[in-house]
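In case you want the letters, here they are:
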Amino acid sequence: MIGKKLLILGGTSSVDIVKQAKRMGVYVVVADIEETDSGKEIADEAVFMNTVDHETIVKFIKENNIDGVFSGPSEFNLQNAMKVCEMSGLPFYCTREQWDICMNKVNFKKLCNQYGVSCTPEFHLTEELKEEDLAMIKYPVMVKPAEAGGSRGISMCYTEEEIRRAVPKAIKASANGEFFVEKCITSDYGFGSRYIINNGKIMLSAVCDRYTVDQPGGKALISSGAIFPSKKIEEYIEEINPKVVKMFESIGIKNGTLFMQALVDQDDEKIYFHEMGLRLSGGLIYSMLEASCGYNDVQMMIRYALGGPMVEDDEFEKIDPYMHGHYIGSLTIPLCDGVIGSIEGVDEVRKHKNVMDLVQYYTEGQEIKPDYIGTLSQHFCRVKMMTDSIDEYKNMVDWIQNIIKVTDSNGRNMIYRLFDTSRMK
């Protein structure tokens with residue numbers, strides 16, 4: 001890969017991609033309409049281009065001998081990358097048809113139902129909000145946009161009046177203007193699975209347990225903590241994974257990475273999938289996978305974009321959903337609305353031997369607006385860690401939450417809620 005040229009579309013969301021590509025010896029060019037951003041600042045070269053101006057980008061590719069095009073987890077710019085790769089004959093890990101099946105929540109759930117992969121039950125409802133359709137709904141339900149990221153446009157509804165307010169919100173947030181209504185799984189416990197695909201071979205790479213900040217009925221139904229491997233790993237491998245493999249084989253995915261997200265119903269402990277991403281995840285757990293297993297899925301995707309193999313021979317045996325005996329995961333610190341006055345403990349946490357990474361999203365003087373609550377913008381930081389036992393992992397979470405303190409200018413504690421490690425049974 002040394003000396004190859006990679007064009008990255010969108011700098012702000014692609015910082016980790018830029019860093020990993022440069023680590024591989026790749027010459028990195030970042031294209032964005034911003035004069036400067038965090039990705040452009042660390043790239044070898046930065047160019048001012050609108051990432052939707054596909055013709056101009058293709059011309060730049062040919063004139064500058066670009067070997068590959070990629071983006072970070074931004075679905076918007078990944079679709080732009082897909083288009084310019086198609087126009088310029090460069091490799092891209094999926095087709096438009098595969099993308100539309102996987103990234104549209106309605107289409108994804110139809111695929112799951114076809115192959116017996118359990119997903120959250122739905123209720124029929126259209127934008128007209130017909131009385132006969134509303135009468136069939138059993139509350140509570142979730143109203144969601146068909147195509148949207150970052151937990152935008154999602155509402156939990158207990159009444160018809162709430163649905164009438166939620167539907168326009170979901171439509172506005174959806175890239176294609178579509179929405180759907182599904183049963184609200186009364187659980188604060190989620191499940192996730194990740195796959196790496198190489199030349200048509202679909203390999204389970206990780207399974208995790210995810211926990212929301214609030215319990216059902218609360219406002220902050222966003223991730224608070226995640227841990228790999230899941231306590232349900234054996235059940236998943238034996239009962240669900242074979243169906244998932246067949247499901248993705250059926251749409252012809254040959255290379256790339258993907259993840260699936262589910263909720264675990266507290267009544268029957270059953271896993272119900274509700275969405276997926278045919279891309280790298282926003283959490284970018286590559287550092288945890290590299291530390292625990294010895295491979296880096298971000299570098300795999302970069303290598304494929306530059307014409308190389310997705311997985312090299314020495315990497316196959318390193319892909320292990322059991323994390324080679326380690327426990328890895330992340331903890332997010334959610335904040336209440338207000339203006340940040342002081343921050344303590346971040347540097348101390350960063351120095352701990354079990355902490356692999358700490359990404360801080362806000363600094364003193366910045367505001368957490370009321371409408372951030374319940375979205376990813378509510379998070380103050382994300383801490384990634386690795387331990388050798390589940391008990392050690394729990395102790396790490398408790399220690400981090402005791403050390404990091406965020407207050408407003410009046411000394412009021414701004415941390416929305418601490419994560420209760422007893423939830424990790």
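Everything below is about the structure shown above.
Just so it is clear, the structure is predicted and the values come from calculations on it, not from any experiment.

Participant: Now, about the overall build of the protein: what can you tell me, with residues and values included?
Facilitator: In terms of regular secondary structure, the protein is built from 13 helices and 19 strands. Computed over the C-alpha atoms, the radius of gyration of the protein is 22 Å, within 12% of the 22 Å expected from 2.2 N^0.38 for a compact globule of 425 residues. Dimensions of the protein along its principal axes, counting C-alpha atoms only, are 60 × 55 × 45 Å. Within the span of the protein, comprising 425 residues, buried residues form 56% of the whole.

Participant: Tell me about the packing of helix H3 (residues 54-63) against helix H4 (residues 75-88), and name the residues and values.
Facilitator: With their axes 10 Å apart at the nearest point, H3 and H4 run at an angle of 55° to one another. The pairing of H3 with H4 is recorded here as oblique in orientation. Note that H3 runs across H4; the crossing there is right-handed. For the pair formed by H3 and H4, the contact residues are His-54, Glu-55, Ile-57, Val-58 and Ile-61 on the first element and Asn-80, Lys-83, Val-84, Met-87 and Ser-88 on the second. Looking at the contact of H3 with H4 residue by residue, the class counts come to 5 nonpolar, 3 polar and 2 charged.

Participant: Tell me about the sheet that holds strand S13 (residues 271-277), and name the residues and values.
Facilitator: If you walk across this open sheet you meet the 8 strands as S13-S12-S9-S10-S11-S14-S18-S16, and the pairing is antiparallel. Of all strands in the sheet, those with a lone pairing partner are S13 and strand S16 (355-360), marking the two edges. Averaged over all adjacent pairs, the angle separating strand axes in this sheet is 20°, with direction ignored. Of the strand pairs in this sheet, strand S9 (residues 189-198) and strand S12 (residues 256-264) are connected by 8 bridges, and their pairing is antiparallel. Within S12, the residue paired with Ser-193 across the bridge is Met-260. On top of the sheet, helix H9 (residues 233-250) reaches S9, strand S10 (201-212), S12 and S13; it is set at about 125° to S10, its chief contact.

Participant: Break down the nonpolar core for me, with residues and values.
Facilitator: Of all hydrophobic cores here, the largest spans 117 residues; its most connected members are Leu-7, Val-69, Tyr-93, Phe-248, Met-260, Phe-273 and Phe-380. When neighbours within four sequence positions are excluded, Val-69 is seen to be in contact with Leu-6, Leu-7, Leu-9, Ile-61, Ala-81, Val-84, Cys-85, Leu-90 and Ala-305. Ranked by size, the runner-up nonpolar core spans 15 residues in total, among them Ile-137, Val-167, Ala-170 and Val-181.

Participant: If you had to explain the environment of Ile-373 to someone new, which residues and values would you point to?
Facilitator: Looking at the element boundaries, Ile-373 is found in the loop between strand S17 (367-368) and strand S18 (379-387). Ile-373 sits 38 residues away from Leu-335 along the chain, and the two C-alpha atoms are 8.1 Å apart. Excluding its chain neighbours within four sequence positions, the residues that come into contact with Ile-373 are Lys-219, Leu-335, Cys-336, Asp-337, Gln-378 and Tyr-416.

Participant: For the packing of aromatic side chains, give the residues involved together with the corresponding values.
Facilitator: Taken as a whole and assessed by the stated rule, the structure comprises 8 aromatic pairs. Measuring from centroid to centroid gives 6.4 Å for Phe-191 and Phe-273, while their planes differ by 75°, and the two rings are edge-to-face. Of this pair, Phe-191 sits in strand S9 while Phe-273 sits in strand S13; the two residues are 82 residues apart in sequence, bridging distant segments of the chain. Neither residue differs from the other here; Phe-191 and Phe-273 are each classed as buried. With 6.4 Å between their ring centres and 65° between their planes, Tyr-236 and Phe-273 make a pair best called edge-to-face. With Tyr-236 in helix H9 and Phe-273 in strand S13, this residue pair connects regions lying 37 residues apart in the sequence. There is no split in this pair, since Tyr-236 and Phe-273 are both buried. Taken together through their ring pairs, the aromatic side chains of Phe-70, Phe-92 and Tyr-93 make up a single cluster. Lys-5 extends its terminal NZ or CZ atom over the ring of Tyr-27, reaching a point 5.7 Å from the ring centre. Lying across the ring of Tyr-189, Lys-231 places its NZ or CZ 4.5 Å from the centre.

Participant: So what's going on with the environment of Gly-374? Residues and values would help.
Facilitator: Mapped onto the elements of the fold, Gly-374 is located in the loop between S17 and S18. On a C-alpha basis, the gap between Gly-374 and Glu-161 in space is 20 Å, while along the polypeptide they are 213 residues apart.

Participant: Help me get a handle on the pattern of salt bridges, residues and values and all.
Facilitator: By the definition in use, this model includes 22 salt bridges. Between Lys-109 and Glu-122 there is a salt bridge whose closest N-O contact spans 3.2 Å. Linking Lys-109 in helix H6 (residues 105-114) with Glu-122 in strand S5 (residues 122-123), this pair joins segments that are 13 residues apart in sequence. The class of Lys-109 is buried, set by a relative accessible area of 2%. Its relative accessible area of 39% is what places Glu-122 among the partly exposed residues.

Definitions and cut-offs
Residues numbered from 1 in each chain as written. Predicted model: local features only at pLDDT ≥ 70, side-chain atom pairs only at ≥ 80, totals over all residues. Heavy atoms only, no water. Helix = DSSP H or I, 4+ residues; strand = E, 2+ residues; numbered from the N terminus. Rg over C-alpha atoms; globule rule 2.2 N^0.38 Å. Buried < 20%, exposed > 50% of the residue type's maximum accessible area, 1.4 Å probe, protein only. Axes fitted to C-alpha atoms, helices over the stretch in contact; angles between N-to-C directions. Parallel < 35°, antiparallel > 145°, perpendicular 65-115°, else oblique. Left-handed = near helix turned anticlockwise from the far one by under 90°. Contact = heavy atoms within 4.5 Å. Nonpolar A, V, L, I, M, F, W, Y, C, P; charged D, E, K, R; others polar. Pairing = 2+ DSSP bridges. Core = buried A, V, L, I, M, F, W, Y, C linked by side-chain atoms within 4.5 Å. Phe/Tyr/Trp six-rings, centres within 6.5 Å; stacked < 30°, edge-to-face > 60°. Lys NZ or Arg CZ within 6 Å of the ring centre and 35° of its normal. Salt bridge = Lys/Arg side-chain N within 4 Å of Asp/Glu carboxyl O.

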